[in-house]
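A structural walkthrough
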Protein chains: 2
Amino acid sequence: MNVLWISAHPEPRSLNGALRDEGVDALRALGHEVRESDLYAMRWNPVVGHEDYAADPNERFFVGPRSEQAFTEQTLSADIVAEQEKLRWADAVIIQFPLWWYGMPAILKGWFDRVFVKGFGYGTRAADGRVRRYGEGVLEGKRAMVLVTAGGPEPTFGPRGVNGAMDELLFGLQHGALWYTGMSVLPPLAVYGANRVSDDHYAQAVAELRDRLKTWEVTEPLPFRAQHGSDYDEDLVLRPEIAPGVTGLRAHLADG
Amino acid sequence: MNVLWISAHPEPRSLNGALRDEGVDALRALGHEVRESDLYAMRWNPVVGHEDYAADPNERFFVGPRSEQAFTEQTLSADIVAEQEKLRWADAVIIQFPLWWYGMPAILKGWFDRVFVKGFGYGTRAADGRVRRYGEGVLEGKRAMVLVTAGGPEPTFGPRGVNGAMDELLFGLQHGALWYTGMSVLPPLAVYGANRVSDDHYAQAVAELRDRLKTWEVTEPLPFRAQHGSDYDEDLVLRPEIAPGVTGLRAHLADG
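Everything quoted here is computed from the prediction, not taken from an experiment.

1. Topic: unusual backbone geometry
With phi around 65 degrees, Leu-236 of chain A is a residue other than glycine that occupies positive phi space. Of note, Leu-236 of chain A is situated in the segment after helix H7 (199-214). With phi around 55 degrees, Gln-74 of chain B is a residue other than glycine that occupies positive phi space. Following the sequence through the fold, Gln-74 of chain B ends up in the loop between helix H2 (63-72) and helix H3 (78-89).

2. Section: the side chain of Gln-227 of chain B
Mapped onto the elements of the fold, Gln-227 of chain B is located in the segment after helix H7 (199-214). Apart from residues lying up to four places away in sequence, Gln-227 of chain B is in contact with Val-131, Arg-133, Tyr-134, Glu-136, Tyr-232 and Leu-236 of chain B.

3. Digging into the relation of the copies chain B and chain A
Least-squares fitting of chain B to chain A yields an RMSD of 0.0 Å, with the transformation described by 0.0 Å of translation along the axis and a rotation of 180 degrees. Such a turn and shift between the copies fits a two-fold axis. For chain B, the smallest separation between a C-alpha atom and the rotation axis is recorded for Ala-106 of chain B, amounting to 2.3 Å. A symmetric contact is evident, with 100% of the interface residues of chain B recurring at the interface of chain A.

4. What to know about the confidence of the model for chain A
Per-residue confidence for chain A averages 96 on the pLDDT scale, and 100% of its residues sit at or above 70. In the predicted complex, the global pTM is 0.98; the interface-specific ipTM is 0.97.

5. Points about the UniProt feature "domain: Flavodoxin-like fold" (unreviewed entry) in chain A
In the numbering adopted here, UniProt assigns the feature "domain: Flavodoxin-like fold" (unreviewed entry) to residues 1-213 of chain A. Helix and strand shares over residues 1-213 of chain A are 35% and 15% respectively, and the end C-alpha atoms of the span are 11 Å apart.

The rules behind each value
Residues numbered from 1 in each chain as written. Chains lettered and ligands numbered in written order. Predicted model: local features only at pLDDT ≥ 70, side-chain atom pairs only at ≥ 80, totals over all residues. Heavy atoms only, no water. Helix = DSSP H or I, 4+ residues; strand = E, 2+ residues; numbered from the N terminus. Contact = heavy atoms within 4.5 Å. Least-squares fit on C-alpha atoms with pLDDT ≥ 70 in both. pLDDT = per-residue confidence, 0-100. UniProt positions renumbered as here; feature names shortened; annotations may be inferred.

Following this line, the structure appears as structure tokens:
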């Protein structure tokens, strides 16, 4: 299996750095090929700008159309093209980050902003003309898993914890970016209390990570609902008979 | 009233740029002082790094402690200090952005990552020793409002829309960053179908924006629950008698 490991921590000598090294070693020991996008080490530019699309700075800059044109005409910035090629190569993708202000660090958010251009991340169509998204797209058939560290203790990220449930905080990423582009999303692995991890806690986190990587291919993905099918109506709203009365992010899980 | 208007669109000749100009004009016509953080125009750096904290690059970089030390010792980068001063000056803050991949553009996410350092954005304590957060903090008493544009049509961001409900997609920002630091969060103003706004739709959006800015001071904020009080237990989990049985982000709204 080809695995792309994306990480976004400024310090290699951190918990994030240690977990990544353990994970990459474990994957290689299992016989997988691993490539990395260590965004800090790469000094990744996270800011969308016309420079990436060979767009005329004197013309009004429409992000979607200009990015699609550059994608089609193969004039996208080389660093974006390189990441798209890694994604095409990969069978599986790990997205690893410390939770900052309840989301991805900017350097990682901007990886999605810049790499998922129109024509690649969105705006592609199936033979019948429908837009491919939420379960189908250029990354269809690949598997993704989020590996996240959070400073707060686990209960604060539980179903009624003050910070909001982790799966809901990750919805925009897991559903809105990974599932949107067609990837199957495995349950995330979260390490809580990340500012004060004991040796035992660390050993347990590594063991869990190794177990996840070993069972990657047979793990059941999150049951997000497909756009193409009978769950959503023509306005892309859940039909009344689907999860009747349920609102919120859980309505979009087939077991929600 | 002093208003800080933060915006994050690469193109001033965009819908976002037009709405900002209308909004700033309206505020000034109402007699308010306005300062701006136009992040693209400022070429804002969104990436947290040791350089901001005068930290020794040879030492292991702990983001929280190093940022707190630099804040206390007044060695933070000048661009961060300038934003903190604008926030202190402001009575009200607008956070305006196009929704990209169901969240803030990286340049704006990194404004929070870099400006909300430990000692300013989090990690401050009240006289009794409790951590000030969720309803209390350095920005307590200020008002904030999100102004967001989204390409998808409104129903897709409704309670059962495929993209997830807008208030839930904004939870990490509105609850996790704005309310966390003590700000009162007004209901967001969202403009949908932003890629194909008709003249009528634009006029309606401007009218709504002007109305919001006119009634800013008397508008009821979102009823997020205070950490300090009786709603959460000592683990910061909602007590069983509070919104019994409710899970998900709505449990954290007092009318949820």
